[in-house]
Structures are given as structure tokens and as C-alpha cells.
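Structural features, examined
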Amino acid sequence: MKDATHSTYLMAGLVRTYLALLSDHGKEALAEEHAAIAAWIAEGFSARLKRPSQVYFGLNVGWCWPSINLAMSEGRTDRARQLLRRLERGLARRVNPDGSIVDRTTRGDRALWYHYTSIGELLVSLEMLRAAEMSPDPALEDRIHAAVDLFICAVQDYSIIHRWASRRHNSSYEGETQSWHRAGWPHYTLGGTRLHVYPYRYPNHPNAAALREMVGWNAGSATTDIDFGFGAGCLYNLAAGQLADPN
């Protein structure tokens, strides 16, 4: 089951990469190849894709992203928006006003990691809403700001996350420590896009300046993201740089 789940997860990232970056490349010269890929996505991948039944963090937010991606690529915009609204409501129920995330910030020695990866799914989900010409709920955005603030503070001082981590949900907990690479996390290749989406979307928020100071423009997380499928951080950094200096 774990092998099948992980394989599906990786293929979802590859499909996302193809739909976002490659499906329009060389349309005439590569027409036969594109047709074969499109047929596989529609008949092979889609038929085996896990269907989202509830919203939870992990596995592309409970398999919501792949279904939304497919609906958008097939022109079923109403269906995609329906899924996105359901996703947004589900996310709102799983992020607390204090910024902690249900069953994630409470994960014992790995609480900071689970909190971090959940922020990524939150931010990318909001990007999908915007791509579908939908406005994110401001109340959910406020909770995301709180979650990012908690993350920034906890990276600097692990004891800050203790009040949640000590609940050890599905995890062990040995005290005020975290299984976290303090020096290397800005270069993580899993879910790093989030570190660059946030400063772009909320440049005037105090968290944006703090995060930008911690994560440089050329951090490894800007170019590689196994969770999302491709590293979009460099694109967000380029856009953010142009906004900061129009010349």
C-alpha cells in the first residue's frame, strides 16, 4: 500500500509538471507525443488516481490537488472551482487561530517538520484558488499568517513549539528538541516552493521580511520541489524582484 501510494504521489507531481510547463511545448512538432501523453493522463493515470474524500494535510492535501489539476486541464472549470471551495473550507477547519495546525503541530519530535509541510500545502492551495480566478478567504489568510509566524519563531527556538509538540500525536516526544536540520532547511527539495510564494504574495507583512532574511533568493528550495512537482520558487522570486525594482 505504501509503495502504491508513493508511486501515485510521484506521478501526480510529474503530471502537474507536464500540464503546467510542457503541454504547450512544440505542439506541432511533438503532436504525436503530446497525444500519447494526454491519452495516458486521461485513461491511465486518471483511472487509477485516488479520489479526494476528505481534506487532510499530506499527499497533496488528501489527493485534492491532482483532481483539481485534471479538471482545470480538461476545461471543467466549474468542477475545479467546486473542489477548490471544498478544499478551502476543509483547510479552514484544520488551521487554528493561534497558527497551530490540527494533528500536525502536535507531532512530537517531528512537529516542526509537519507544521512546515502543511504551510506549503496551504500556500499552494491558495495559489490554485487564484489561478481559478477565485479570491481566498481573508480569515483563512489570517490563520496562515499566524502559522508562518509560529514557524519562523519555532525554527529559531524549538521550545516555542513545545506546548503543541508535547501532545505527541502519532509520534514520540523526548523533550524540547526537534528532528530538524536547522542549517539546511532553506535548501530542502521537498515542498520548498512555499518559502518563496509567501514573500511574493504578502511582501508587506512582517513575516515576509523575516522569511526572506532566513531563505535567500538562491536557496536550493527555489529550484526543486518534489512535493509540488517542480521548483516554482525561482519564478516567484523573479516576479517579486521585478515588483520590488521595476527598473
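Because the structure is a prediction, the values reported are computed rather than measured.

**Observations concerning the packing of helix H1 (residues 2-22) against helix H2 (residues 31-48)**
Between H1 and H2, whose axes approach to 12 Å, the crossing angle comes to 140°. For the element pair H1 / H2, the angle class is oblique. Of the two elements, H1 crosses H2, and the hand of that crossing is left-handed. The residues of H2 that touch H1, namely those facing Thr8, Met11, Ala12, Val15, Tyr18, Leu19 and Leu22, are His34, Ile37, Trp40, Ile41 and Phe45. Taken together, the residues of the contact of H1 with H2 sort by class into 10 nonpolar, 2 polar and no charged.

**Let's talk about the side chain of Ser46**
Relative to the helices and strands, Ser46 resides in helix H2. Discounting residues that sit within four places of it in the chain, Ser46 has contacts with Ile41, Arg51 and Leu70.

**Remarks on the packing of aromatic side chains**
One pass over the full model with this rule turns up 15 aromatic pairs. Where Tyr116 meets Tyr188, the ring centres are 6.2 Å apart and the plane angle is 70°; that geometry is what we call edge-to-face. One end of the pair, Tyr116, is in helix H5 (residues 111-131); the other, Tyr188, is in the loop between helix H7 (162-165) and helix H8 (194-201), with 72 residues separating them in the sequence. For the pair shown, Tyr116 and Tyr188 are each scored as buried. Of the aromatic side chains, those joined through ring pairs into one cluster are Trp113, Tyr116, Phe151, Trp180, Trp185 and Tyr188. When the ring centre of Tyr114 is taken as reference, the NZ or CZ atom of Arg107 above it lies at 3.9 Å. Of note, Arg212 hangs over the ring of Trp217, and the distance from its end group to the ring centre comes to 3.9 Å.

**Notes on the layout of surface pockets**
Over the atoms rolls a probe the size of a water molecule, and its path tells where empty space is left. Taken as a whole, the largest pocket holds about 480 Å³ of empty space. For the largest pocket, the lining is made up of 19 residues, of which Ala20, Asn69, Met128, Ala131 and Phe228 are closest to its centre. Among the elements of the structure, H1, helix H3 (59-73), H5 and helix H10 (233-244) are those that each provide at least two residues to the lining of the largest pocket. Taken together, the residues of the lining of the largest pocket break down into 14 nonpolar, 3 polar and 2 charged. By volume, the second largest pocket is sized at about 320 Å³. Looking at the lining of the second largest pocket, its residues break down into 6 nonpolar, 4 polar and 6 charged.

**A short note on H3**
Given a rise of 1.5 Å per residue, 15 residues ought to cover 21 Å, and the 20 Å separating the end C-alpha atoms of H3 matches this to within 8%. Along its length, H3 reaches its greatest deviation from straightness, about 35°, at Trp65, and the proline Pro66 lies no more than four positions downstream. As for H3, its buried residues are in contact with H1, H2, helix H4 (77-94) and H5. Just downstream of H3 lies Gly75, where phi reads positive at about 80°.

**Observations concerning the pattern of salt bridges**
Scanning the model with the defined rule gives 8 salt bridges in all. With a closest N to O distance of 3.7 Å, Glu133 and Arg81 form a salt bridge. One end of the pair, Glu133, is in the loop between H5 and helix H6 (138-156); the other, Arg81, is in helix H4, and 52 residues separate them in sequence. Residue classification places Glu133 among the exposed residues on the basis of a relative accessible area of 71%. In this structure Arg81 comes out as partly exposed when scored by relative accessible area, which is 29%. In this structure, the salt-bridge partner of Arg85 is Glu88, at a minimum N-O distance of 2.6 Å. Note that Arg85 and Glu88 are positioned in helix H4 at a spacing of 3 residues, about one turn of the helix.

**Some points on the side chain of Thr8**
Within the secondary structure, Thr8 sits in helix H1. Discounting residues that sit within four places of it in the chain, Thr8 has contacts with Phe45, Leu49 and Trp63.

About the cut-offs
- Residue indices begin from 1 for each chain and proceed along its sequence in written order.
- In view of the model being predicted, local features appear only for residues whose pLDDT reaches at least 70, and side-chain atom pairs are presented and counted only at 80 or more, with totals across whole chains, interfaces and linings using the full set of residues.
- By convention in this description, side-chain values take in all heavy atoms of the structure and omit both hydrogens and water.
- Interaxial angle, 0 to 180 degrees, is taken between N-to-C directions of lines fitted to C-alpha atoms, where a helix line uses only the stretch in contact.
- Numbering goes from the N terminus for both helices and strands, where a helix is a DSSP run of H or I of at least four residues and a strand is a run of E of at least two.
- Here is the rule for angles: anything less than 35 degrees is roughly parallel, anything more than 145 is roughly antiparallel, 65 through 115 is roughly perpendicular, and the remaining ranges are oblique.
- Take the far helix as your reference; a near helix turned counterclockwise from it by less than a right angle gives a left-handed crossing, and one turned clockwise gives a right-handed crossing.
- Should any heavy atoms of two residues lie within 4.5 Å, those residues are counted as being in contact.
- Residues were grouped as follows: Ala, Val, Leu, Ile, Met, Phe, Trp, Tyr, Cys and Pro as nonpolar; Asp, Glu, Lys and Arg as charged; and all remaining residues, including Gly, as polar.
- We call Phe, Tyr and Trp rings a pair once their centres come within 6.5 Å, taking the six-membered ring for Trp, and we label the pair stacked below 30 degrees between planes, edge-to-face above 60, and tilted otherwise.
- Burial status follows relative accessibility: with a 1.4 Å probe on protein chains alone, a residue under 20% of its type maximum counts as buried, one over 50% as exposed, and anything between as partly exposed.
- Charge-over-ring placement is defined geometrically: NZ (Lys) or CZ (Arg) within 6 Å of the ring centre, and within 35 degrees of the ring normal.
- Note on definitions: the grid is 1 Å and covers protein atoms alone; a cavity is a set of points where a 1.4 Å probe fits but cannot get out; a pocket is an open set with protein on both sides within 12 Å along at least five of seven lines; lining residues have an atom within 4 Å of a point.
- Grid points are joined across faces, edges and corners, and a volume is the space filled by probe spheres set on the points.
- Helix span, expected: 1.5 Å multiplied by one less than the number of residues in the helix.
- What is called the bend at a residue is the angle between a pair of axes, fitted to the seven residues leading up to and ending at it and to the seven starting from it.
- Salt bridge, as used here, is a side-chain nitrogen of Lys or Arg placed within 4 Å of a carboxyl oxygen of Asp or Glu.

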